[in-house]
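Listed below are the residues making up each chain.
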Amino acid sequence: KQEVTQIPAALSVPEGENLVLNCSFTDSAIYNLQWFRQDPGKGLTSLLLIQSSQREQTSGRLNASLDKSSGRSTLYIAASQPGDSATYLCADFHTGNQFYFGTGTSLTVIP
Amino acid sequence: GAGVSQSPRYKVAKRGQDVALRCDPISGHVSLFWYQQALGQGPEFLTYFQNEAQLDKSGLPSDRFFAERPEGSVSTLKIQRTQQEDSAVYLCASSLPGGARSNYGYTFGSGTRLTVV
């Protein structure tokens, strides 16, 4: 079974800092990888989707990279804002019909 | 609709009670998925439909869990004789054909939080 790990489990930064969230997966034979945001009591909001043939995707202040050979993805958030506070989940589509999710990184941006 | 709609948002059930959770996917999305998210954990796959066909139910934890999508749109996840370990958020997601293999990924609903007491 694919194992997805996210480090750190929790992160607290002052407003304005740039930060990196890490995601690693055990089997590099993935089709794509997706980063989600989850606010308390809410569902998942898709942030970025990277196909296996791609190295990175960008949307606004967010940049996600994918290195299949090392089994890693990172989510870079530039100039963090209090509104970025949420749990960030990475998930990879490996086989079958499902994503395998990590346990998430809980981010707090302090004003 | 504009998004994936799930109802109820919250459900409290007494142990042993049967519950039914509803998912209205985005119009035109043929693929539908159910996930279970325990507190502090990432979502875990339960089952997958393409139109009305349940193509994968490998994630259903026991035979107390049953999902259906009879007309290829609305889906219902039913849990019989609920147990305390069933307490979780149940998330529904829909996708264009290709599901997670596509360029579009999933669109998730807000989930149903089930608490079994």
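None of the values given here were measured: they were computed from a predicted structure. (Residues numbered from 1 in each chain as written. Chains lettered and ligands numbered in written order. Predicted model: local features only at pLDDT ≥ 70, side-chain atom pairs only at ≥ 80, totals over all residues. Heavy atoms only, no water.)

1. Considering the nonpolar core
Across soluble globular proteins, nonpolar side chains have a tendency to be buried as a group.
Okay, step 1: Counting residues in hydrophobic clusters, the biggest one holds 22 residues, and the most contacted among them are Leu33(A), Trp35(A), Leu75(A), Ile77(A), Tyr88(A) and Leu107(A).
Okay, step 2: Contributions of two or more residues to this core are made by β3 (19-25), β4 (32-38), β5 (44-51), β7 (62-67), β8 (72-77), β9 (86-93) and β11 (105-110) of chain A.
Okay, step 3: In contact with Leu33(A), other than residues within four places in its own chain, are Cys23(A), Phe25(A), Leu48(A), Leu49(A), Ile50(A), Leu66(A), Ser73(A), Cys90(A), Ala91(A) and Asp92(A).
Okay, step 4: With 20 residues, the next largest nonpolar core counts Ile26(B), Leu32(B), Leu77(B) and Cys92(B) among its residues. (Core = buried A, V, L, I, M, F, W, Y, C linked by side-chain atoms within 4.5 Å. Buried < 20%, exposed > 50% of the residue type's maximum accessible area, 1.4 Å probe, protein only. Helix = DSSP H or I, 4+ residues; strand = E, 2+ residues; numbered from the N terminus. Contact = heavy atoms within 4.5 Å.)

2. A word on the pattern of salt bridges
Opposite charge on two side chains permits pairing when their charged atoms draw close.
Okay, step 1: Within the structure shown, the criterion is met by 5 salt bridges over all chains.
Okay, step 2: Taking the shortest distance from any N to any O, the salt bridge between Arg37(A) and Asp39(A) comes out at 3.0 Å.
Okay, step 3: Arg37(A) gets classed as buried once you look at its relative accessible area, which sits at 17%.
Okay, step 4: The partner of Asp86(B) in a salt bridge is Arg64(B), with the nearest N and O atoms 2.8 Å apart. (Salt bridge = Lys/Arg side-chain N within 4 Å of Asp/Glu carboxyl O.)

3. Considerations on the packing of aromatic side chains
Okay, step 1: Under the criterion given, the structure shown has 16 aromatic pairs over all chains.
Okay, step 2: On the numbers, 5.4 Å between centres and 90° between planes, the contact of Phe36(A) with Phe108(B) is edge-to-face. With Phe36(A) in strand β4 and Phe108(B) in strand β10 (residues 107-108), this residue pair bridges two chains.
Okay, step 3: Accessibility expressed as a relative area gives 0% for Phe36(A), which makes it buried.
Okay, step 4: Relative accessible area serves as the criterion here: at 8%, Phe108(B) is assigned to the buried category.
Okay, step 5: Ring centres 4.3 Å apart and planes at 25° place the aromatic pair Phe33(B) and Tyr106(B) in the stacked group. Residue Phe33(B) is located in strand β4 (residues 31-37), and its partner Tyr106(B) is located in the loop between β9 (88-95) and β10; the two are separated by 73 residues in the primary sequence. This pair shows no difference in class: Phe33(B) is buried, exactly as Tyr106(B) is.
Okay, step 6: Taken together through their ring pairs, the aromatic side chains of Tyr31(A), Phe36(A), Phe93(A), Phe99(A), Phe101(A), Phe33(B), Tyr35(B), Phe45(B), Tyr48(B), Tyr106(B) and Phe108(B) make up a single cluster. (Phe/Tyr/Trp six-rings, centres within 6.5 Å; stacked < 30°, edge-to-face > 60°.)

4. A short note on the confidence of the model for chain A
Okay, step 1: On average, residues of chain A carry a pLDDT of 92, and 98% of them reach 70 or more.
Okay, step 2: Here strand β10 (residues 99-101) of chain A stands out as the element of chain A with the lowest mean pLDDT, 89, in contrast to β11(A), whose mean of 97 is the highest. (pLDDT = per-residue confidence, 0-100.)

5. Some details on the state of the cysteines
All names here are of chain A.
Okay, step 1: Overall, the coordinates contain 2 disulfides over all chains when judged by the stated rule.
Okay, step 2: With a sulfur-sulfur separation of 2.0 Å, Cys-23 is cross-linked through a disulfide to Cys-90. Judged by the sign of its S-S torsion, about 75°, the bond between Cys-23 and Cys-90 is right-handed. Pair noted here: Cys-23 is in strand β3 and Cys-90 is in strand β9, with a separation of 67 residues, a long-range link. Residue Cys-23 shares its accessibility class with Cys-90, and that shared class is buried. (Disulfide = S-S within 2.5 Å.)

6. Let's talk about the interface of chain A and chain B
Okay, step 1: Each partner contributes to the interface: chain A provides 22 residues, whereas chain B provides 24 residues.
Okay, step 2: Of all residues in chain A, Leu44(A), Asn97(A) and Phe101(A) bury the most surface against chain B, accounting for 28% of the area lost on that side.
Okay, step 3: Inspection of the region where chain A meets chain B yields 0 salt bridges.
Okay, step 4: The interface formed by chain A and chain B contains 2 residue pairs in polar contact (both at pLDDT 80 or more).
Okay, step 5: Split into classes, the residues belonging to the side of chain A that touches chain B amount to 8 nonpolar, 12 polar and 2 charged. (Buried area = accessible area lost by both parts, 1.4 Å probe. Polar contact = N/O pair within 3.5 Å; in protein donor to acceptor, adjacent residues only side chain to side chain. Nonpolar A, V, L, I, M, F, W, Y, C, P; charged D, E, K, R; others polar.)

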